[in-house]
Number of protein chains: 2
Amino acid sequence: MFVGIDVGGTNLKAGLVTPQGEMVAVAKKPVTPFTAPEDFVSQLVALTLDVCAQKDVDPATLDYVGMGIPGAVKAGEITYTCNLPLQGVPVESLFRQTIDVPVLLENDANCAAVGEYLLGAGRGTTDFAIITLGTGVGGGFIIGGKLHSGGGMVGEVGHMVIEKDGALCGCGRHGCWETYSSATGLIRLTKEAMDAHPQSALHAMAKEQGGVSGRTAFDTALTGDAVAVALCQTYVDYLACGATNLCSILQPEMLAVGGGVADAPSHLLMEPLASQVESSCYASNVGTPTRIVKAQLGNDAGILGAALLKQVL
Amino acid sequence: MFVGIDVGGTNLKAGLVTPQGEMVAVAKKPVTPFTAPEDFVSQLVALTLDVCAQKDVDPATLDYVGMGIPGAVKAGEITYTCNLPLQGVPVESLFRQTIDVPVLLENDANCAAVGEYLLGAGRGTTDFAIITLGTGVGGGFIIGGKLHSGGGMVGEVGHMVIEKDGALCGCGRHGCWETYSSATGLIRLTKEAMDAHPQSALHAMAKEQGGVSGRTAFDTALTGDAVAVALCQTYVDYLACGATNLCSILQPEMLAVGGGVADAPSHLLMEPLASQVESSCYASNVGTPTRIVKAQLGNDAGILGAALLKQVL
């Protein structure tokens, strides 16, 4: 049996997973503020004990515990993370002081890629990629059936510049893909459209929804509002630009799109996106464009991927 | 023993290569115009016989013949090429009618990546990338010690859009990296600078050199001409933009830069390029930026890589 833990900036989620990929127990808790790294790791230990107890599994018999970290990792340590004060923390050795089983650390987007590859949209492929549209744009690649990890720093696709000298990104570069195509980017584009079009129904929708979110543009477009429809097209254009780049560079058989934004109505997001990428990526020249699909596992992808990491190493 | 053949749009070059990667015989000829694919393949046969004869090697005893093709390949066939009328040609079966040894087909940029990885700049790395600055911008990736081929369509890095809605590219998209960063792109940027600055020394240099080439900007910058110096900086900016993208997406340990343009004076090209990419790629956050270096093998990279393909499959 395996435990997978998805370490988020605000929540920790663990799952007890069978070798067949079935999640038979789940536990979740908000991150309790901490100063000492030991206090953080003890939260991971508590979650592991929780899911094991639910199924009467002795934690010492786990094959390993896999953890998806929002950052970079190396040899059981977190080497970089921007959302939690964990840089340089030797997670594996601290964890094993209580539960002495192997700990595998991996970047969280890479874990999601593994989950979707083994159990979701990517089943049956050999070269698979995922992008996740959230606060930023994350990415993960399976190449030749193996995770291309690079210590979790591979797949920083959100920081691919698609508009040289464009909007400033948090990373310091200008025109990064995620400044346009993340949920955050979509909210920015939505606010800009609202400023430019005071008559648009976007205003009423935002008010009704309690503020502008990644849903506002799509929900308003469904009412037929022309500004919102054009805004959705603009968003898809940016998204397709970066996705096409990825496909031309790596030519995966399939690119899955995850994250909350991917739940937008298909005819406004996934259908035009797939159509644009499949017709403009370079491999369309040989009739083998990358298939563009929606990810299937939602938030479970990261836990499942963390739990089954060893299958793709 | 192995034979590697570099199939170019205008020249064919073959080398007889030892298992240690020593090229012990070379033959080269221009592509003779042909209509029947058999006539093209017979030119490849002739070159193979030539290099074998130089060293009294019986062609039937070759381990295999590797060929770098400017296009996409699959199972012994050329599936796509834009510079030679070879689409759909079953090269392997035609070749084996005369010399019955295995034939390995691969994209030419991928062969160059293999050559540099095994024998040139990339020795000692595990994750290695190369870009070649020529008519276009080509790319090839070694991931985990294996060529990431995808039938030769992987690594179409030149068609990564870095300036959305920018200059029109031959592929139909706008703002592709190679419209700025190929030798062709550099010539275009040079001509634009000349049009904008009639007083620049670029004009005299172009006249002296018999026309604008990929060297004009650098040679003029060496004389201190301010317009040429700024032009070289602009070119490096574009080149660094795409190279940084690649590094953030794939995080190779090393990115080698090949092609004629890479021979420009180091302080005008490779030094500022390396400095920009190494400081702005995402992995600089963890202190492990990709090393940016000049490729070492020149035109031999493709022949050597084709000959030694099996080592990275």
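Please refer to the structure higher up on the page.
Definitions and cut-offs
- Within every chain, residues take consecutive numbers counted from 1 along the sequence as written.
- Here the convention is simple: chains get letters from A, ligands get numbers from 1, in the order in which they are written.
- The predicted nature of this model means local features are confined to residues of pLDDT at least 70 and side-chain atom pairs, given and counted, to a pLDDT of 80 or more, with totals for whole chains, interfaces and linings taken over all residues.
- As a rule here, side-chain values cover all heavy atoms of the structure and leave hydrogens and water aside.
- Type-normalised accessible area, obtained with a 1.4 Å probe on protein chains alone, sets the label of each residue: buried when under 20%, exposed when over 50%, and partly exposed for intermediate values.
- Runs of E in the DSSP output that reach at least two residues are strands. Runs of H or I that reach at least four are helices, and both are numbered from the N terminus.
- Working rule for contacts: check all heavy atoms of both residues, and any pair within 4.5 Å makes them a contact.
- Each copy is superposed on the other by least squares, with the fit set by C-alpha atoms of residues at a pLDDT of at least 70 in both.
- We call two strands paired when DSSP finds no fewer than two bridges between them.
- Salt bridges are counted wherever a side-chain nitrogen of Lys or Arg sits within 4 Å of a carboxyl oxygen of Asp or Glu.
- Accessible surface is computed with a 1.4 Å probe, and the buried area is the amount of it that two parts give up when combined, taken over both parts together.
- Counting of polar contacts relies on pairs of N or O atoms within 3.5 Å, with two restrictions inside protein: one atom must be capable of donating a hydrogen and the other of accepting it, and residues adjacent in sequence are counted only when both atoms are side-chain atoms.
- The aromatic pairing rule takes the rings of Phe, Tyr and Trp, using the six-membered ring of Trp, and pairs them if the centres are within 6.5 Å, calling planes under 30 degrees apart stacked, those over 60 edge-to-face and the rest tilted.
- Working rule for helices: expected span equals 1.5 Å times residues minus one.
- To get an axis, fit a line to the C-alpha atoms, keeping to the stretch in contact for a helix; angles then go from 0 to 180 degrees between the N-to-C directions.
- Comment on the angle field: the value is read as roughly parallel under 35 degrees, roughly antiparallel over 145, roughly perpendicular from 65 to 115, and oblique elsewhere.
- For this classification, the nonpolar set comprises Ala, Val, Leu, Ile, Met, Phe, Trp, Tyr, Cys and Pro, the charged set comprises Asp, Glu, Lys and Arg, and every other residue, Gly included, is treated as polar.
- Buried Ala, Val, Leu, Ile, Met, Phe, Trp, Tyr and Cys residues form a nonpolar core when they are joined through side-chain atoms within 4.5 Å.

Some remarks on helix α10 (residues 300–307) of chain A
Residue and element names in this part refer to chain A.
Then, number 1: Counted residue by residue, α10 has 7 buried out of 8 residues, so it is predominantly covered.
Then, number 2: Burial in α10 covers these residues: A301, G302, I303, L304, G305, A306 and A307.
Then, number 3: At its buried positions, α10 is contacted by β1 (2–7), β2 (11–17), β3 (23–30), β4 (64–69) and α3 (108–119).

Some points on the relation of the copies chain B and chain A
Then, number 1: With an RMSD of 0.0 Å, chain B superimposes on chain A once it is rotated by 180° and translated 0.0 Å along the axis. Here the two chains are linked by the operation of a two-fold rotation axis.
Then, number 2: Interface overlap between copies: 100% of the residues of chain B at the interface are likewise at the interface in chain A, consistent with a symmetric, same-surface contact.

Concerning the pairing of β2 of chain A
Side-chain positions along a regular strand alternate between the two faces of the sheet.
Residues and elements named next belong to chain A.
Then, number 1: Burial analysis of β2 places 6 of its 7 residues in the buried class, the great majority of the element.
Then, number 2: Note that β1 and β2 share 6 bridges and pair antiparallel. If you follow V7 over to β2, its bridge partner there is L12.
Then, number 3: Where β1 folds back onto β2 in an antiparallel hairpin, the turn is made up of 3 residues.
Then, number 4: As paired strands, β2 and β3 are joined by 7 bridges and run antiparallel to one another.

Focus on the pattern of salt bridges
Then, number 1: By the definition in use, this model includes 14 salt bridges over all chains.
Then, number 2: Measuring nitrogen to oxygen at the nearest pair gives 3.0 Å for the salt bridge that ties R215 of chain A to D219 of chain A.
Then, number 3: Note that E92 of chain B and R96 of chain B form a salt bridge whose closest N and O atoms lie 3.2 Å from each other. You can see E92 of chain B and its partner R96 of chain B sitting in helix α2 (residues 91–96), 4 residues apart, about one turn around the helix.
Then, number 4: Each of E92, R96 and D100 of chain A takes part in a single network of salt bridges with overlapping partners.

Quick notes on the interface of chain B and chain A
Interfaces are often sized by the amount of accessible area the parts lose when they come together.
Then, number 1: With 37 residues of chain B at the contact, the number on the chain A side is 37 residues.
Then, number 2: Interface area for chain B against chain A, summed over the two sides, is near 3,300 Å², with a carbon-plus-sulfur share of 64%.
Then, number 3: Looking at the side of chain B facing chain A, the largest losses of area belong to K164, I249 and Y282 of chain B, adding up to 23% of the total buried there.
Then, number 4: Linking chain B with chain A are 0 salt bridges, by the criterion used here.
Then, number 5: Put simply, chain B and chain A have 12 residue pairs in polar contact (both at pLDDT 80 or more) between them.

As for the packing of aromatic side chains
Then, number 1: Taken as a whole and judged by the stated rule, the model has 12 aromatic pairs over all chains.
Then, number 2: Measuring from ring centre to ring centre gives 6.4 Å for Y80 of chain A and Y282 of chain B, while their planes differ by 80°; the resulting arrangement is edge-to-face. You can see Y80 of chain A sitting in strand β6 (residues 77–81) and its partner Y282 of chain B sitting in the loop between α9 (270–280) and β12 (291–294), one on each of two chains. Summarising the burial analysis for this pair, Y80 of chain A and Y282 of chain B share the class buried.
Then, number 3: Ring centres of F34 of chain B and F40 of chain B lie 5.1 Å apart, and the angle between their planes is 35°; on these two criteria the pair is classed as tilted.

Quick word on unusual backbone geometry
Residues and elements named next belong to chain A.
Then, number 1: Of note, A75 is a non-glycine position whose phi angle comes to about 50°, a positive value.
Then, number 2: Taking relative accessible area as the criterion, A75 reaches 77% and is therefore assigned exposed.
Then, number 3: Its identity is not glycine, yet D165 carries a phi of approximately 65°, on the positive side.
Then, number 4: With respect to the element layout, D165 can be found in the loop between β10 (146–147) and α4 (178–181).

With respect to helix α5 (residues 183–196) of chain A
Residue and element names in this part refer to chain A.
Then, number 1: Look at α5: 20 Å from first C-alpha to last across 14 residues, which is about the 20 Å you get at 1.5 Å a residue.
Then, number 2: What α5 keeps buried is the set A183, G185, L186, L189, T190, A193 and M194.
Then, number 3: In this structure, the buried side of α5 is in contact with β8 (128–133), α4, α6 (202–208), α7 (216–221) and α8 (226–250).

Considerations on the packing of α3 of chain A against α10 of chain A
Each pair of packed helices can be summarised by the angle the axes make with each other and by the distance between the axes.
Residues and elements named next belong to chain A.
Then, number 1: Where α3 meets α10, the closest approach of the two axes is 6 Å, and the angle between their N-to-C directions is 85°. It follows that α3 is roughly perpendicular to α10 by the angle criterion. Every residue of α10 that contacts α3 at C111, A112, V114, G115, E116 and L119 is listed here: A301, G302, L304, G305 and A306.
Then, number 2: Partitioning the contact of α3 with α10 into residue classes produces 7 nonpolar, 3 polar and 1 charged.

Focus: the nonpolar core
Then, number 1: Core analysis: the biggest nonpolar cluster contains 106 residues, and I131, F141 and W177 of chain A together with I131, F141 and W177 of chain B have the highest contact counts within it.
Then, number 2: Among all residues touching I131 of chain B, those that are not within four sequence positions of it are V137, G138, G139, V157, W177, L239, L246, L255, A256, V257 and G258 of chain B.

Some thoughts on the side chain of S181 of chain B
Residues and elements named next belong to chain B.
Then, number 1: With respect to the helices, strands and loops of the structure, S181 is situated in helix α4 (residues 178–181).
Then, number 2: Judged by its relative accessible area of 0%, S181 is buried.
Then, number 3: At 3.4 Å, the side chain of S181 and the backbone nitrogen of L239 are in polar contact.
Then, number 4: Beyond its immediate sequence surroundings of up to four residues, S181 is in contact with L133, V137, Y235, Y238 and L239.

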